[in-house]
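If you want the building blocks of each chain, they are given just below.
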Amino acid sequence: MEKETTYSLGYLLDRTLWALSNSLNIAFKVEGIDLPHSQYLVLRTLFEKDGMSQNEIATHLHKDAAAIKRTVDYLEQKELVTRKAVAHNKNNVVLTEKSIRLRSKILSVVDTVFAEALSGISEEELADGIRFLEKIYESASNGKGK
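Everything quoted here is computed from the prediction, not taken from an experiment.

Conventions we followed
- Residues numbered from 1 in each chain as written.
- Predicted model: local features only at pLDDT ≥ 70, side-chain atom pairs only at ≥ 80, totals over all residues.
- Heavy atoms only, no water.
- Pairing = 2+ DSSP bridges.
- Helix = DSSP H or I, 4+ residues; strand = E, 2+ residues; numbered from the N terminus.
- Patch = residues over 30% accessible without salt bridge, like charges linked within 9 Å, V, L, I, M, F, W, Y side chains within 5 Å.
- Areas by Shrake-Rupley, 256 points an atom, 1.4 Å probe, with all protein chains shown as cover.
- Salt bridge = Lys/Arg side-chain N within 4 Å of Asp/Glu carboxyl O.
- Phe/Tyr/Trp six-rings, centres within 6.5 Å; stacked < 30°, edge-to-face > 60°.
- Buried < 20%, exposed > 50% of the residue type's maximum accessible area, 1.4 Å probe, protein only.
- Arc of directions from axis to C-beta.
- Contact = heavy atoms within 4.5 Å.

Moving on to the pairing of strand 1 (residues 81-87). Bridge count between strand 1 and strand 2 (residues 90-95): six bridges; the pairing is antiparallel. The partner of A87 across the bridge, within strand 2, is K90. Between strand 1 and strand 2, which follow one another and run antiparallel, lie two residues, and N89 among them has a positive phi close to 60°.

The following block contains the structure:
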């Protein structure tokens, strides 16, 4: 009997993202870092460019602005970010001293998780995979999938 294959590219990408997110969440817990994947993404964005608006973060991460607002609220409660007024009714999200102190530990955990996930994959395979995903993104972003 032939095995039915229900795997689509979307399913495989989603499953992979779930596995990486879950591994990262577990690793953060083990290290005593209260930082779910969704909050990590916002923090990582600010590590790269501190002082972005919530809308800029949402655009950069391709996320809903309301979801980013909630995430920033959680990060603010944890004293990892703060909102800084830059104009009337406009705030930027900035890192706190606490998040700056945790930065190297957070990035070390991420490096370890990804090193484990990518073990057994050659540099050439990884480069091919990245090119493959970039081409799909470019094609889908340009509306070629219509």
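On the surface, a nonpolar cluster with roughly 380 Å² of combined accessible area is contributed by F114, L118, I121, L126 and I130. Where the nonpolar patch is concerned, the elements lending two or more residues are helix 5 (97-118) and helix 6 (123-141). Relative to the assigned elements, L118 resides in helix 5.

Turning to the packing of aromatic side chains, a few remarks are in order. Tallied over the full model, the rule gives one aromatic pair. Aromatic pair F28 and Y40: ring centres 5.8 Å apart, planes at 50°, arrangement tilted. Here the residue F28 occupies a position in helix 1 (residues 9-30), and Y40 occupies one in helix 2 (residues 37-48), the gap between them amounting to 12 residues. Residue F28 shares its accessibility class with Y40, and that shared class is buried.

Now for helix 3 (residues 54-61). Three or more residues of helix 3 are buried, namely Q54, I57, A58 and L61. Down the axis of helix 3, the sector holding all buried residues measures 100°, keeping them to one side. In this structure, helix 3 carries N55 and T59 as exposed residues pointing more than 90 degrees from its buried face. Buried residues along helix 3 sit against helix 2, helix 4 (65-77), strand 1 and strand 2. Following helix 3 by one or two positions, H62 adopts a phi angle in the positive range, close to 55°.

Keep in mind these values describe shape, not function.
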